[in-house]
Amino acid sequence: EIFQNIGLFSREVKDYDTFFSYTQLALNLYEKQKRSRFQAMAYRNLAVFWLEQTQYDQALGWYKKSLEIMESFGDQVGIATVYQDIGILHSKAGNLVEAKAHFQKAVEIFIGEGYPDQLGKIWFDYGSVALKLGELSEALTYYQKAVNVYDSPKGKGDALHMIAYVHSHYQKNPEASI
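All figures in this text were calculated on a predicted structure; none of them were measured in a lab.

Parameters and conventions
Residues numbered from 1 in each chain as written. Predicted model: local features only at pLDDT ≥ 70, side-chain atom pairs only at ≥ 80, totals over all residues. Heavy atoms only, no water. Helix = DSSP H or I, 4+ residues; strand = E, 2+ residues; numbered from the N terminus. Buried < 20%, exposed > 50% of the residue type's maximum accessible area, 1.4 Å probe, protein only. Contact = heavy atoms within 4.5 Å. Areas by Shrake-Rupley, 256 points an atom, 1.4 Å probe, with all protein chains shown as cover. Salt bridge = Lys/Arg side-chain N within 4 Å of Asp/Glu carboxyl O. Core = buried A, V, L, I, M, F, W, Y, C linked by side-chain atoms within 4.5 Å. Phe/Tyr/Trp six-rings, centres within 6.5 Å; stacked < 30°, edge-to-face > 60°. Lys NZ or Arg CZ within 6 Å of the ring centre and 35° of its normal. Axes fitted to C-alpha atoms, helices over the stretch in contact; angles between N-to-C directions. Parallel < 35°, antiparallel > 145°, perpendicular 65-115°, else oblique. Left-handed = near helix turned anticlockwise from the far one by under 90°. Nonpolar A, V, L, I, M, F, W, Y, C, P; charged D, E, K, R; others polar.

## Observations concerning the overall build of the protein chain
Then comes step 1: Secondary structure assignment for the protein chain yields nine helices and zero strands.
Then comes step 2: Taken from N to C terminus, the helices and strands of the protein chain fall in the order α-α-α-α-α-α-α-α-α.
Then comes step 3: Counting only residues that meet the buried cut, the protein chain has 43% of its 178 residues in that class.
Then comes step 4: Long-range pairs, those at least 24 residues apart, make up 45% of the contacts in the protein chain between residues at least 6 apart in sequence.
Then comes step 5: Carbon and sulfur atoms provide 52% of the accessible area of the protein chain, an area that totals close to 9,600 Å².

Okay, structure coming up:
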């Protein structure tokens, strides 16, 4: 995991050559050692890099590779996490219906697997997509769900801020429905 950690640190400090070199070393090692879970994490890290660069097709390809591996050994939490990531990608790319569909898949798995604590960020992202679609009532519902499950004060605060924003928007645009 040292190669992976060096790669992640390098990405954080924007040393992308080192990031790619160490991520590739990690992938080679994981493949030789048949450590599929770590391969999937390395692919996911590559996807995050390309998402940060707004190279959505490239990111989606790496997410799909990660998802394929997670599915091959039934890592439900890993699968849900990648669905969430793909939802975020689609949201950023403006594919809002696709984003909602992937968030819904992630929600169903997290609830089914008994991980409701993972839902705060998804509910928040779901609310943001609904807001972009002009679905104010739905946005409020999901932001409130985020408030209810977030553990972190920052997460709760962000969701409360968005609830206030939606109400403010409605007051300025009474033709919009809540």
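Once you've had a look at it, read on.
## Remarks on the pattern of salt bridges
Then comes step 1: Following the criterion strictly, the structure yields six salt bridges and no others.
Then comes step 2: Between Lys100 and Glu135 there is a salt bridge, with its nearest N and O atoms 3.0 Å apart. Taken together, the positions of Lys100 in helix α6 (residues 96–112) and Glu135 in the loop between α7 (119–132) and α8 (136–149) put the pair 35 residues apart, joining distant regions of the chain.
Then comes step 3: What emerges from the salt-bridge pattern is a single network uniting Lys100, Glu135 and Glu138.

## Examining unusual backbone geometry
Then comes step 1: A positive phi angle, close to 55°, is found at Thr54, a residue other than glycine.
Then comes step 2: As for its placement among the helices and strands, Thr54 is situated in the loop between α3 (36–52) and α4 (56–72).

## Some remarks on the side chain of Gln39
Then comes step 1: By secondary structure assignment, the location of Gln39 is in helix α3.
Then comes step 2: Overall, Gln39 belongs to the buried group, its relative accessible area being 11%.
Then comes step 3: If we skip the residues at most four places from it in the chain, Gln39 touches Leu27, Tyr30, Glu31 and Ile69.

## Some details on the nonpolar core
Then comes step 1: Counting residues in each nonpolar core, the largest one holds 53 residues, and the members touching the most others are Tyr63, Ile122 and Tyr143.
Then comes step 2: Within the residue set of this core, elements represented by two or more residues are α2 (16–32), α3, α4, α5 (76–93), α6, α7, α8 and α9 (153–172).
Then comes step 3: Top element by residues in this core is α3. It accounts for nine residues.
Then comes step 4: Not counting the four nearest positions on each side in its chain, Tyr143 is found in contact with Trp123, Phe124, Gly127, Ser128, Leu131, Ala159, Met162, Ile163 and Val166.

## A short note on the packing of aromatic side chains
Any two aromatic rings considered together are summarised by their centre-to-centre distance and by the angle between their planes.
Then comes step 1: Across all of its chains, the model carries seven aromatic pairs by this definition.
Then comes step 2: Among the aromatic residues, ring-to-ring pairing joins Phe103, Trp123, Tyr126 and Tyr142 into one connected group.
Then comes step 3: One residue, Lys145, lies across the ring of Trp123, its end atom 4.4 Å from the ring centre.

## Examining the packing of α2 against α3
Then comes step 1: In contact at an axis separation of 9 Å, α2 and α3 are set at 160° when each is read in the N-to-C sense. Taken as axis vectors, α2 and α3 run roughly antiparallel relative to one another. The crossing of α2 and α3 is left-handed. Facing Tyr16, Phe19, Phe20, Thr23, Leu27, Tyr30 and Glu31 of α2, the residues of α3 in contact are Phe38, Gln39, Ala42, Tyr43, Asn45, Leu46, Phe49 and Trp50.
Then comes step 2: A class-by-class count of the residues in the contact of α2 with α3 yields 11 nonpolar, three polar and one charged.

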